[in-house]
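Listed here are the chains, written in short residue letters.
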Amino acid sequence: MLLSVVVPCHNEEDVLEELVRQVVETLADSDVDIELVLVDDGSRDDTVRLMREIHARDPRCRYISFSRNFGKEAAMLAGLRYASGDAVVIMDADLQHPPHLLIDMLRLHADGYDQVIARRTREGDAFGRTMISRLYYRLVNALVDVNMEDGAGDFRLLSRRAVDALLQMREYNRFSKGMFSWIGFPTATVDYDNVARQGGGETKWSFRRLLNYGIDGIMSFNNAPLRLAVYLGAAVTAASFVYVIVMVVLALAHGVSAPGYVTLIAAICGMGGLQLIFLGVIGEYVGRIYYETKRRPHFLVAETEPGGREVEKR
Ligand code: UDP
Ligand code: MG
């Protein structure tokens, strides 16, 4: 059996060597053959040069380098396309995904699981962040038709048929967390404790990026926000209908009175705000359609190891 380990790398010169060393060492005694697929996602540091060196030293370490930064989703997709293994593990370069878990994951895979998720506990996270993500997953799982789990990220093992299933999903806007869940197949989970980022470097997740990611999660997998607009519109219409009847009855009983300035302004502003919000929601979906219809490639490859190419061009 061949195991491919896909590693998306963006400016990871400090940790790449160590990661490769640990992965190779961890799997040295196991009976699987390994292949590493290092994906350079437009790094501005020496990551690519390191990859060339690592490949020259150990040809089992293959690499792809993008023409610019296309984002982690694109890097993972590239890795899955280039990986030729019977099973594929996706892991981060910064050693936040402990390589020793590979052994447990392989064992569960041998037990017949197609997806083995390494789930991170929230030990040592800032309290605020933990609460927000808990709330977020509550909300998302109530809205979205796939089930997303807190702490279950991209660190996971996928069987060949799970990888093929993912590669069949051709959307441009790839929200992998949802996609992993969407494909299904027997799934097992192993827990691991949170590890601090190695090799300096800040996490690339600013609060704004997290917020945008959260919106992506809700929008990518259903049209619940549009459905919400329908319900809310119906509720507001019904309320205003009742309000009109009440006002007419009052006017007939007591004659017309002028006051109502505050009500009027509140209604105009409230309705204006609601309309803008849902215009934005519709705009989000239209924007997504716009990007999907262009059918642009997810990434452009500038360089691979000599002779490297996609396992199957799709
Ligand atoms: N990464 C990438 N492209 C990017 C940003 C990140 O390939 O545009 C890689 C990065 O090199 C790392 C992984 O994705 O291997 C996770 O990135 P990071 O550690 O910054 O995210 P976090 O662990 O905070 O989620
Ligand atoms: Mg990280």
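Structure's up top.
Residues numbered from 1 in each chain as written. Chains lettered and ligands numbered in written order. Predicted model: local features only at pLDDT ≥ 70, side-chain atom pairs only at ≥ 80, totals over all residues. Heavy atoms only, no water.

### As for unusual backbone geometry
In terms of backbone geometry, most residues other than glycine have negative phi values and most peptide bonds are trans. Of note in this structure, asparagine 11 is not a glycine but carries a positive phi near 55°. With respect to the secondary-structure elements, asparagine 11 resides in the loop between strand S1 (2-9) and helix H1 (16-27). For asparagine 11, a relative accessible area of 31% corresponds to the partly exposed category. Even without being glycine, leucine 95 reaches a positive phi, approximately 65°. The exposure class assigned to leucine 95 is buried, which follows from its relative accessible area of 11%. (Helix = DSSP H or I, 4+ residues; strand = E, 2+ residues; numbered from the N terminus. Buried < 20%, exposed > 50% of the residue type's maximum accessible area, 1.4 Å probe, protein only.)

### Examining the pattern of salt bridges
For the structure on display, the rule yields 17 salt bridges. Residues arginine 62 and glutamate 35 are paired through a salt bridge, measuring 2.9 Å at the closest nitrogen-oxygen approach. Pair noted here: arginine 62 is in strand S3 (residues 61-66) and glutamate 35 is in strand S2 (residues 33-40), with a separation of 27 residues, a long-range link. Residues arginine 62 and glutamate 35 agree in their burial class; the two are buried. When the shortest N-O distance is used, the salt bridge between glutamate 305 and arginine 62 registers 2.8 Å. (Salt bridge = Lys/Arg side-chain N within 4 Å of Asp/Glu carboxyl O.)

### Some thoughts on the packing of aromatic side chains
Within this structure, the stated rule accounts for five aromatic pairs. When the centroid spacing of 5.9 Å and the interplanar angle of 75° are considered together, the rings of phenylalanine 155 and tyrosine 192 count as edge-to-face. One end of the pair, phenylalanine 155, is in strand S6 (residues 152-159); the other, tyrosine 192, is in strand S7 (residues 187-192), and 37 residues separate them in sequence. As far as the burial class goes, phenylalanine 155 and tyrosine 192 line up, both buried. (Phe/Tyr/Trp six-rings, centres within 6.5 Å; stacked < 30°, edge-to-face > 60°.)

### Side note on helix H2 (residues 47-57)
For H2, every residue scored as buried is listed here: Thr47, Val48, Leu50, Met51, Ile54 and His55. Seen along its axis, H2 keeps its buried residues to an arc of 155°; they face one direction. Facing away from the buried side of H2 by over 90 degrees, the exposed positions are Ala56 and Arg57. Here the buried face of H2 lies against S1, H1, S2, S3 and strand S8 (301-304). (Arc of directions from axis to C-beta. Contact = heavy atoms within 4.5 Å.)

### Some words on the nonpolar core
Val39, Phe66, Leu80, Leu158 and Leu166 are the most contacted members of the largest nonpolar core, which has 36 residues in total. At seven residues, the largest contribution of residues to this core is made by helix H3 (residues 72-82). Sequence-distant contacts of valine 39, defined by excluding residues within four places in its chain, comprise Val6, Val7, Pro8, Cys9, Met51, Ile64, Phe66, Ala75, Ala78 and Gly79. With 35 residues, the next largest nonpolar core counts Leu27, Leu36, Leu50 and Val190 among its residues. (Core = buried A, V, L, I, M, F, W, Y, C linked by side-chain atoms within 4.5 Å.)

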